[in-house]
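Overview (structure and organization)
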Amino acid sequence: MIEMVIDARRKDLGGFEVGRVLPFHARRMVGPFIFLDQMGPADFAPGAEAINVRPHPHIGLSTLSYLFEGEILHRDNTGATQAIRPGEVNWMTAGRGIVHSERTDPLRQGAGGPMHGMQAWIALPTEAEDVDPSFHHHGEADQPAYENGGLFARLVAGEAYGARAAVATSSPLFHVHWELAEGVRTMPPPGKGVAGGYSERALYVAKGEIEVGDRSFHEGQMIVLEPTAEPTVRAVRASTVMALGGEPVGPRLIWWNFVASSQARIDAAKADWKAGRMALPAGDDGEFIPLPDEPSAARPAPGAARPGPTDPV
């Protein structure tokens, strides 16, 4: 039933750790999902620097941000400024190019507190790679939910279990948040060969421990399912699990924050960012993250900047 197990690699992004799941050297994507991070969990002391991701660019993808705890303030160069809180969805489509930042609001930083959530990148199908950039925020009412007998399920994006979330996706996919009490059993959306099933599916354990078939898995592990498998999932103890997957959109290249079907698209985005042809967000244009291979900020923009990370932001 299980094709592969991927352990999240813990990475320090400057005082804040993430668990990087995708891309993985032996499994680059699950359906259109090309990137998956678990943010935290962390508990910031009052006044401590929390989330502080400077403006940076994307192309060829949609980002999905979803929190279990905490708050993040999003700004982008479409003019959007939006805080995201637990149970809500920030859905940003980069298309031909977008620039955004993710920060902790200074007022919230003063109080400190927990931070825990997930961020996914969804590769756009080829025909949508150059769409206009956009941003949409969705509250809990936009996400169908079910609760019974120790199981809570929320459809964060896409279609599953006969329901559809309000997020306007560009290709067939699903993203589901489960909260499972100890001993509770459930099943992922159906796989290949079943009407309405998906070709590629995975389960990510954000907290707790689950059994899939006769094997157990703990926090920080992704279980990639065989295409036709129909497993029962049982919570060994209280657990938070994200189920995700969908239909492949074709091979994709990923370099830094850029996703594309061709190297030419990535090279053009690199040149645009370096030359300052991608505007910074209004209200957050005093600094930016330069290209990873630039020793200093060659981009003509106000404020000082430090070299960016070699991994995606």
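One can find the structure itself at the top, above this paragraph.
First, a word on scope: everything that follows refers to the structure included in this document. (Residues numbered from 1 in each chain as written. Predicted model: local features only at pLDDT ≥ 70, side-chain atom pairs only at ≥ 80, totals over all residues. Heavy atoms only, no water.)

Quick look at the overall build of the protein
- When you go through the protein residue by residue, the secondary structure sums to 2 helices and 23 strands.
- A globule of 313 residues ought to have a C-alpha radius of gyration of about 20 Å, and the protein, at 19 Å, matches this closely.
- Along the first, second and third principal axes, the C-alpha set of the protein runs to 55 × 45 × 35 Å.
- Looking at the 313 residues of the protein, the share that counts as buried comes to 52%.
- Partitioning the contacts of the protein with sequence separation of at least 6, the portion at a separation of at least 24 is 68%.
- Accessible area of the protein: about 12700 Å², with a carbon and sulfur share of 50%.
- Computed over 28 positive and 39 negative side-chain charges, the separation of the two mean positions in the protein equals 3 Å. (Helix = DSSP H or I, 4+ residues; strand = E, 2+ residues; numbered from the N terminus. Rg over C-alpha atoms; globule rule 2.2 N^0.38 Å. Buried < 20%, exposed > 50% of the residue type's maximum accessible area, 1.4 Å probe, protein only. Contact = heavy atoms within 4.5 Å. Areas by Shrake-Rupley, 256 points an atom, 1.4 Å probe, with all protein chains shown as cover. Lys, Arg positive; Asp, Glu negative; His and termini not counted. Charge placed at Lys NZ, Arg CZ, Asp CG, Glu CD.)

A look at the nonpolar core
- Core analysis: the largest hydrophobic core is formed by 27 residues, its most contacted members being I6, L36, L64 and M222.
- Those residues in contact with L64 that sit more than four places away from it in its chain are V89, N90, W91, M118, Q119, A120, I122, V156, A157 and H175. (Core = buried A, V, L, I, M, F, W, Y, C linked by side-chain atoms within 4.5 Å.)

A few points about unusual backbone geometry
- A cis amide bond, omega 0°, links L22 with the succeeding residue P23.
- With respect to the helices and strands, the residue P23 is situated in the loop between β3 (17-22) and β4 (33-44).
- Omega for the bond connecting G40 with P41 falls within 30 degrees of zero, at 5°, which places this linkage in the cis form.
- Structurally, the position occupied by P41 is in strand β4.

Some points on the layout of surface pockets
- Reported here for the second largest pocket is a volume of approximately 260 Å³.
- Forming the walls of the second largest pocket are 18 residues, and the residues nearest its centre are I59, R96, G97, D272 and M278.
- Of the residues contributing to the lining of the second largest pocket, the split by class is 8 nonpolar, 4 polar and 6 charged. (1 Å grid on protein atoms, 1.4 Å probe; cavity = no way out; pocket = protein on both sides within 12 Å on 5 of 7 lines; lining within 4 Å. Points joined across faces, edges and corners; volume = space filled by probe spheres on them. Nonpolar A, V, L, I, M, F, W, Y, C, P; charged D, E, K, R; others polar.)

Description of the environment of R265
- One can find R265 in helix α2 (residues 263-275).
- Classification of R265 as partly exposed rests on a relative accessible area of 27%.
- Note: C-alpha distance between R265 and E247 (18 residues apart in sequence) is 23 Å.
- In this structure R265 touches I59, E129, D130 and A260, once residues within four positions along its chain are discounted.

Thoughts on empty space enclosed by the protein
- In total, this model carries 3 cavities of 30 Å³ or more according to the counting rule given.
- The volume enclosed by the largest cavity comes to roughly 90 Å³.
- Surrounding the largest cavity, F44, A45, A48, A50, E71, T104, R108, Q109, G112, G113, P114 and M115 form its lining.
- Broken down by secondary-structure element, the contributors of at least two residues to the lining of the largest cavity are α1 (106-111) and β11 (113-123).
- The leading source of residues in the lining of the largest cavity is β11, at 3 residues.
- Class assignment of the residues belonging to the lining of the largest cavity gives a composition of 6 nonpolar, 4 polar and 2 charged.

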